[in-house]
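Coordinate analysis (summary)
Letter by letter, the chains look like this.
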Amino acid sequence: MSFLKSIKLPRYIKNKFFITGIAFVIWIAFLDKTNLMYQYQFQSEVNKLENQKEFFIKEIKQTKEEQQELLSSPEKLEKFAREKYFMKKDNEDLFIISPAPQQ
């Protein structure tokens, strides 16, 4: 024990408030349920979701523009229905030609 007493430590390290503060920082940084690692993961998840939000907002805007364009004239609506949903008139035959699957 005399060896430990002979070590000279600064006064602030022996202070109970300093030791309590260091213990608190260690607890928050590493041992708590929401430690720094989880906070970093949560922040990266938030950033990813914000990027997805921006993407979907752009997609919604583009879809609304296409909808306005389709509803503006019957000819464009008919063209869209024929191309996308393969609709046809009663007296027509529809032939669908698709490329062969690559193996």
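Residues numbered from 1 in each chain as written. Predicted model: local features only at pLDDT ≥ 70, side-chain atom pairs only at ≥ 80, totals over all residues. Heavy atoms only, no water.

As annotated in an unreviewed UniProt entry, the protein chain carries the name Septum formation initiator family protein and is attributed to Chitinophaga varians.

**Comments concerning the packing of helix α4 (residues 36-72) against helix α5 (residues 74-85)**
The N-to-C vectors of α4 and α5 enclose an angle of 115°; their axes lie 5 Å apart at closest approach. Here α4 contributes Glu69, Leu70 and Ser72 to the contact with α5, which in turn contributes Lys76, Leu77 and Phe80. Counted by class, the contact of α4 with α5 contains three nonpolar, one polar and two charged residues. (Axes fitted to C-alpha atoms, helices over the stretch in contact; angles between N-to-C directions. Helix = DSSP H or I, 4+ residues; strand = E, 2+ residues; numbered from the N terminus. Contact = heavy atoms within 4.5 Å. Nonpolar A, V, L, I, M, F, W, Y, C, P; charged D, E, K, R; others polar.)

**Quick look at the UniProt feature "transmembrane region" (unreviewed entry) in the protein chain**
According to UniProt, the positions carrying the feature "transmembrane region" (unreviewed entry) are residues 12-31. In residues 12-31, helix accounts for 95% and strand for 0%; the two terminal C-alpha atoms are 25 Å from one another. (UniProt positions renumbered as here; feature names shortened; annotations may be inferred.)

**A short note on the layout of surface pockets**
As a volume, the largest pocket reaches approximately 180 Å³. Of the residues forming the lining of the largest pocket, the biggest block, five residues, is contributed by α5. Partitioned by chemical class, the residues of the lining of the largest pocket number two nonpolar, no polar and six charged. (1 Å grid on protein atoms, 1.4 Å probe; cavity = no way out; pocket = protein on both sides within 12 Å on 5 of 7 lines; lining within 4 Å. Points joined across faces, edges and corners; volume = space filled by probe spheres on them.)

**As for α4**
Compared with the 54 Å implied by 1.5 Å per residue over 37 residues, the 54 Å span of α4 between its first and last C-alpha is a close match. Put simply, Asn35 is the residue that caps the front of α4, since its side-chain oxygen is 3.2 Å from the backbone nitrogen of Met37. (Expected span 1.5 Å × (residues − 1). Polar contact = N/O pair within 3.5 Å; in protein donor to acceptor, adjacent residues only side chain to side chain.)

**A look at a negative patch on the surface**
Residues Glu59, Glu65, Glu66 and Glu69 make up a contiguous surface patch of negative charge. Structurally, the position occupied by Glu59 is in helix α4. (Patch = residues over 30% accessible without salt bridge, like charges linked within 9 Å, V, L, I, M, F, W, Y side chains within 5 Å. Areas by Shrake-Rupley, 256 points an atom, 1.4 Å probe, with all protein chains shown as cover. Salt bridge = Lys/Arg side-chain N within 4 Å of Asp/Glu carboxyl O. Lys, Arg positive; Asp, Glu negative; His and termini not counted. Charge placed at Lys NZ, Arg CZ, Asp CG, Glu CD.)

**A look at the packing of aromatic side chains**
Tallying each qualifying case throughout the model produces two aromatic pairs. Considering the side-chain rings of Tyr38 and Phe42, the 6.4 Å spacing of their centres and the 25° angle between planes classify their relative orientation as stacked. Here Tyr38 pairs with Phe42, and both are found in helix α4, just four residues apart, close to one helical turn. Overall, the relative accessible area of 36% leaves Tyr38 in the partly exposed class. The class for Phe42 is partly exposed, based on a relative accessible area of 47%. Judged by centre distance (5.2 Å) and plane angle (65°), the rings of Phe55 and Phe56 are edge-to-face. (Phe/Tyr/Trp six-rings, centres within 6.5 Å; stacked < 30°, edge-to-face > 60°. Buried < 20%, exposed > 50% of the residue type's maximum accessible area, 1.4 Å probe, protein only.)

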